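Below are the chains, spelled out letter by letter.
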Amino acid sequence: MAMMTAKQYEKSLRRLNLQVYLFGERLENVVDNPVIRPSMNAVAWTYELAHRPEYEDIMTATSHITGKKINRFTHIHQDIKDLVKKSKMGRLLGRETGCCLQRCVGMDTLNALSIVTFNIDAKYGTEYHTRFLKYVEYVQENDLTCDGAMTDPKGDRGLPPHKQPDPDQFVHVVEEREDGIVVRGAKAHQTGAVNSHEIIVMPTISMREEDRDYAVSFALPSDAEGIVYIIGRQSCDTRKLEEGTLDRGNEKFGGHEALVVLDNVFVPWDRVFMYKEYDFVTQLVEIFAAYHRQSYACKVGVGDVLIGAAQVAAEYNGVERASHIKDKIVEMNHLNETLYCGCIACASEGHREPSGTYAVNTLLANVHKHNVTRFPFELARLAQDIAGGLMVTMPSEKDFRSPEVGKWMEKYYKASSNVPTENRLRILRLIENMTLGTAAVGYLTESIHGAGSPQAQRIMISRRVNMEEKKRAAKRLCGIADEPA
Amino acid sequence: MNRHRKLRIGVKYCGGCNPSYDRVALVKRMEKTLVKKAEFISFQEENVDLVLVVCGCETGCVDTRVFEVPVHLVSSIPDGDRFVERLIREASPETVRLLVKMA
């Protein structure tokens, strides 16, 4: 089976024996839990669209290992076109789901490790790359969803891993055996973790020799013994437990994050891809981060939905011809397409690494993600401006359906005469969902901190920008002669 | 070659990252209009006379070099309508090459 259908994916999740906790209780049935289910639907969509002829050109690729047709989320980028299609896939899925699609992080991890395992082998004569390619083939053949787990809890941010009072603040090796290693620690903010078949762990910050026990990368089946998932809360999450779908805003799709605890988990050697090579941690973090910053292309697709919702709200309110509304919609499009420029540019300016994998342009990927830390907030502000205050003051769906007061909502929330009141309420709830509710986790706060907080991008921009060339150009144009070095 | 047999049109869509029209609806409409002259199948099927590349925008990002039969690209609804009009006028498997040349 090289490509699963959405139904096969759902079925495969039911076979997992995950330890998932939500609201203080262990879940017996993760897949059907109403709080989690929308996020499963979003990942399932990455399987569904791969089987539709009208999307397969973006959603599928040809494996460089087996030559088979595979889901692009399991692909190792083989040329610039692959990188560009990855950005386009993000926009497509963001637009089709209106939320975080969760599966990009695994793809970014696979690609980063395909580069770094090769480079470690070149320096140390190890065999990580061959081992890793076997693992990639397994992922591709079974069309697995992987959680790329990088962010450790980090404890005291002023201290390196080996100086933390609690050594488990960073994932580390606690035992080395003949058949593998035992690891302990946790990974925070893991998007889509309980919708994943595999958890691929990477270190999170640059390390020195004293941190070598923390310089590990490995893959685990998501239901390996000792892994515990604690689902994160989202604003308005319990609306998914209520009757009806209107107040959810997005009827079908959503996202989730979890704290993933690794409580003395055994990892066999054939799943270890970095073991104490602390001098390659920075490289792995930077390459992964660049790929993952490109992945914020999905926010362009989510932005498409928000712009569409704002336009529909304006039309329902009967104000779409007002010049200031038109101007705000233009501004939203300008911001959103600027984001698109960044994710296409970093892909188009990509390059081939010694392993054969194509990597994005690091500077442009960081610029793109830095824009993503800002523009969605302005897009959200403009959408709320256009939507009007009713978005946050309207009563519940239960009131709307009530035989006693529903008629008053029907009467007083009517705007444009040819639009049913319910449609108006629905579009406003969608804007609320994306800018204040469950989807705002992905569209707003995740846009700031996901794939690294803004300062991380500024550091990379300062490192990667070609300042000498800028200075040379400026000096030449104003007649400054060569200066002594 | 049987001049009266239907033209076998292999449909290849772009990935649909940001289409400016409903590509699937356009193909369905073309299929309905040309029901007597052509059959619309997947580009991957055998004995395709012509590959119809349906792109959602003018970028036309599909790599058409991989096809061994004539290729016609449409990237808008008017494009599709023009293609249909031509086929209604003069379609037969033999005229496909000429048709593509004219496009």
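Summarised in this report is the structure supplied together with it.

Rules of the game
Residues numbered from 1 in each chain as written. Chains lettered and ligands numbered in written order. Predicted model: local features only at pLDDT ≥ 70, side-chain atom pairs only at ≥ 80, totals over all residues. Heavy atoms only, no water. Contact = heavy atoms within 4.5 Å. Buried area = accessible area lost by both parts, 1.4 Å probe. Salt bridge = Lys/Arg side-chain N within 4 Å of Asp/Glu carboxyl O. Polar contact = N/O pair within 3.5 Å; in protein donor to acceptor, adjacent residues only side chain to side chain. Helix = DSSP H or I, 4+ residues; strand = E, 2+ residues; numbered from the N terminus. Phe/Tyr/Trp six-rings, centres within 6.5 Å; stacked < 30°, edge-to-face > 60°. Buried < 20%, exposed > 50% of the residue type's maximum accessible area, 1.4 Å probe, protein only. Lys NZ or Arg CZ within 6 Å of the ring centre and 35° of its normal. Arc of directions from axis to C-beta. Pairing = 2+ DSSP bridges. Axes fitted to C-alpha atoms, helices over the stretch in contact; angles between N-to-C directions. Parallel < 35°, antiparallel > 145°, perpendicular 65-115°, else oblique. Left-handed = near helix turned anticlockwise from the far one by under 90°. Nonpolar A, V, L, I, M, F, W, Y, C, P; charged D, E, K, R; others polar.

So, the interface of chain A and chain B
Each partner contributes residues to the interface: chain A has 15 residues there, and chain B has 17 residues. The contact between chain A and chain B buries some 1100 Å² in all, and 46% of this surface belongs to carbon and sulfur atoms. Summed over the three residues of chain A that lose the most area to chain B, namely Glu-54, Asp-57 and Lys-88 of chain A, the buried surface amounts to 42% of that side. In this assembly, chain A and chain B are joined by two salt bridges. Here Lys-12 of chain B makes a salt bridge to Asp-57 of chain A, at a shortest N to O gap of 2.8 Å. On the surface where chain A and chain B come into contact, there are four residue pairs in polar contact (both at pLDDT 80 or more). If you list the elements that add at least two residues to the side of chain A that touches chain B, you get helix H3 (56-59), helix H4 (80-97) and helix H9 (323-348) of chain A. Tallying contributions element by element places H4 of chain A first for the side of chain A that touches chain B, with five residues.

A look at the packing of aromatic side chains
All names here are of chain A. This model, assessed by the stated rule, comprises eleven aromatic pairs over all chains. A centroid spacing of 6.3 Å and a plane angle of 20° characterise the contact between Trp-408 and Tyr-412, whose relative ring orientation is stacked. Pair noted here: Trp-408 and Tyr-412 are both in helix H14 (residues 406-412), with a separation of four residues, about one helical turn. Here Trp-408 falls in the partly exposed class, since its relative accessible area comes to 44%. Accessibility expressed as a relative area gives 57% for Tyr-412, which makes it exposed. In this structure, Arg-103 is placed above the aromatic ring of Tyr-47, and the distance from its NZ or CZ to the ring centre is 4.0 Å.

Observations regarding helix H1 (residues 6-14) of chain A
Residues and elements named next belong to chain A. Of the positions making up H1, those classed as buried are Ala-6, Tyr-9, Glu-10, Ser-12 and Leu-13. Seen from one end, H1 has its buried residues packed into an arc of 160°, which puts them on one side. Among the exposed residues of H1, those oriented more than 90 degrees off its buried face are Lys-7 and Lys-11. Lining the buried residues of H1 we find helix H2 (37-48).

Looking at the pairing of strand S3 (residues 50-54) of chain B
All names here are of chain B. Within S3, five of the five residues are buried, which leaves the element mostly enclosed by the surrounding structure. Burial of the side chains of S3 extends over both faces: Leu-50, Leu-52 and Val-54 are buried on one face and Val-51 and Val-53 on the other. Where strand S1 (residues 7-13) and S3 come together, five bridges link them in parallel fashion. From the neighbouring strand, Tyr-13 faces S3, where its bridge partner is Val-54.

Some details on the packing of helix H8 (residues 298-317) of chain A against helix H11 (residues 375-387) of chain A
Residue and element names in this part refer to chain A. Two numbers describe how H8 lies on H11: the axes approach to 9 Å, and their chain directions differ by 15°. What the angle tells us is that H8 and H11 run roughly parallel. Between H8 and H11 the crossing geometry is left-handed. On H11, the residues that touch Leu-306, Ile-307, Ala-310, Ala-313, Ala-314 and Asn-317 of H8 are Leu-379, Ala-380, Ala-383, Ile-386 and Ala-387. Looking at the contact of H8 with H11 residue by residue, the classes come out as ten nonpolar, one polar and no charged.

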